[in-house]
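# Structure assessment
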Amino acid sequence: MNPVKRSSLKRIAIDRTSSIPLYVQLRDALQEQITDGLWTPGDQLPGDQELCEAYAVSRTVVRQALQELSFQGTIIRHRGRGTFVAEPKISSTSLVHSLMGFHEDMVVRGLEMRNEILDKVMQPVNPKIAHYLDLEALAPIVKLERLRFVEGEPIVHVTSYLPYDLCPTIMTADLTELSLYAFLEAECHLQVTRGRRRIEAVAVNDSEARLLQVDVGAPVIRMESVSYLQDGRPIEYFDALFRGDRSRFELEVARFAGSGRLGQAMGDDGQGLWLPS
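This report concerns the structure included in the present document. Treat the numbers as computed from the prediction; the structure is a model and nothing was measured. (Residues numbered from 1 in each chain as written. Predicted model: local features only at pLDDT ≥ 70, side-chain atom pairs only at ≥ 80, totals over all residues. Heavy atoms only, no water.)

Within the protein chain one finds eight helices and eleven strands. In the protein chain, buried positions account for 43% of the 277 residues. For the protein chain, contacts bridging at least 24 residues in sequence account for 63% of all contacts bridging at least 6. (Helix = DSSP H or I, 4+ residues; strand = E, 2+ residues; numbered from the N terminus. Buried < 20%, exposed > 50% of the residue type's maximum accessible area, 1.4 Å probe, protein only. Contact = heavy atoms within 4.5 Å.)

Residue placement: Leu51 occurs in helix H2 (residues 48–55). Spatially, the C-alpha atom of Leu51 lies 6.9 Å from that of Val62, the residues being eleven residues apart in sequence.

Turning our attention to a negative patch on the surface. A contiguous patch of negative charge on the surface is contributed by Glu112, Glu151, Asp174 and Glu177. Checked against the element boundaries, Glu112 lands in the loop between helix H4 (102–108) and strand E4 (113–124). (Patch = residues over 30% accessible without salt bridge, like charges linked within 9 Å, V, L, I, M, F, W, Y side chains within 5 Å. Areas by Shrake-Rupley, 256 points an atom, 1.4 Å probe, with all protein chains shown as cover. Salt bridge = Lys/Arg side-chain N within 4 Å of Asp/Glu carboxyl O. Lys, Arg positive; Asp, Glu negative; His and termini not counted. Charge placed at Lys NZ, Arg CZ, Asp CG, Glu CD.)

What follows deals with the layout of surface pockets. Put simply, the largest pocket is a space of about 890 Å³. As for the largest pocket, its lining consists of 33 residues, and the residues nearest its centre are Ile76, His78, Val214, Arg243 and Asp245. Contributions of two or more residues to the lining of the largest pocket are made by helix H3 (59–71), strand E1 (75–78), strand E2 (82–85), strand E6 (153–163), strand E8 (219–229) and strand E10 (247–249). Ranked by residue count, the leading element in the lining of the largest pocket is E1, at four residues. (1 Å grid on protein atoms, 1.4 Å probe; cavity = no way out; pocket = protein on both sides within 12 Å on 5 of 7 lines; lining within 4 Å. Points joined across faces, edges and corners; volume = space filled by probe spheres on them.)

With respect to the secondary-structure elements, Glu208 resides in helix H7 (residues 206–212). Buried within the structure, Glu208 lacks any salt-bridge partner; Arg222 is the closest side chain of opposite charge, at an N-O distance of 8.6 Å. Discounting residues that sit within four places of it in the chain, Glu208 has contacts with His157 and Leu241.

Bringing the nonpolar core into the picture now. Formed by 18 residues in total, the largest nonpolar core has its most connected members in Leu26, Leu30, Tyr55, Val57, Val62 and Leu66. Per-element accounting of this core gives the leading share, five residues, to H3. Sequence-distant contacts of Leu30, that is, excluding residues within four places in its chain, are made with Trp39, Leu51, Tyr55, Leu66 and Leu69. (Core = buried A, V, L, I, M, F, W, Y, C linked by side-chain atoms within 4.5 Å.)

Our next topic: H3. With 13 residues, H3 should reach 18 Å at 1.5 Å per residue; the first-to-last C-alpha distance of 18 Å fits that figure. Within H3, burial applies to Val61, Val62, Ala65, Leu66 and Leu69. What you see down the axis of H3 is that its buried residues fit within an arc of 125 degrees, all on one side. In H3, those exposed residues whose orientation departs by more than 90 degrees from the buried face are Thr60 and Phe71. At the C-terminal side of H3, Gly73 shows a positive phi close to 85 degrees. (Expected span 1.5 Å × (residues − 1). Arc of directions from axis to C-beta.)

Let us now look at the pairing of strand E9 (residues 234–243). The buried fraction of E9 is high, at nine of ten residues. Of the pairings in the sheet, the one linking E8 to E9 comprises nine bridges and is antiparallel in character. Within the sheet, the bridge partner assigned to Ser227 lies in E9 and is Glu236. The hairpin turn running from E8 into E9, its antiparallel successor, is four residues long, and Gly232 in that turn takes a positive phi close to 95 degrees. (Pairing = 2+ DSSP bridges.)

So, on to helix H6 (residues 180–187). Those residues of H6 that fall on the buried side of the exposure criterion are Leu180, Tyr181, Phe183 and Leu184. End-on, the buried residues of H6 take up no more than an arc of 160 degrees, which puts them together on one face. Put simply, Ser179 is the residue that caps the front of H6, since its side-chain oxygen is 3.3 Å from the backbone nitrogen of Tyr181. At the exit of H6 stands His189, carrying a positive phi of roughly 55 degrees. (Polar contact = N/O pair within 3.5 Å; in protein donor to acceptor, adjacent residues only side chain to side chain.)

Structure below.
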């Protein structure tokens, strides 16, 4: 944790005659210092009282400005510890609306990717996974649990389930630095061609918090996915948790004329929260 950089604090004057609210002026002043590199990710900002004195504003103005920066993801406020400059979010433009895997997406962006294999085992399928993978009761599946690091930091905890009969060699494969989809295509001759993904915001529990190195109850992004081969067979179901403080998904959207086309885009089964891959 970096110490408070009091010497970097620009004590600019707040224009009380301006129509721009005081908290917006303060927010922009603090944002400018972060953008200029006077405060860097991990640095602790001065406390509320010091900011009040430096800019001659009330505690309410300071709190509003910091709340705005927190909503933007620029800073993180920890109760009892202080306010810190947030690490920049890892942005993915393809993970939600295409079938480029997380590993491939990060590599394309020039980021270092590594997987820690937490568990890899063959086991009988349970009813939930059997439904997603269209398998008979107790059919063998591969459970693959990974903690995925980007630039040395844990970002995603994901558990994948695959039909064992379609990819038995996965049990001996080293997936530490290899994309799962690339392995399926190169070694098992299985090409994923479509999928369905669903995302929601949840609070992290104790065990997940330890893995992702965040506080218990911190917001995370949960993504569920089912991927299919060209002949329609499901090949993978995964359940992943992305750190909310370090993840951002970007996608293009289009407006469809008429409810019929919208219904087709959302899926014929009425599962409106599933996002077509």
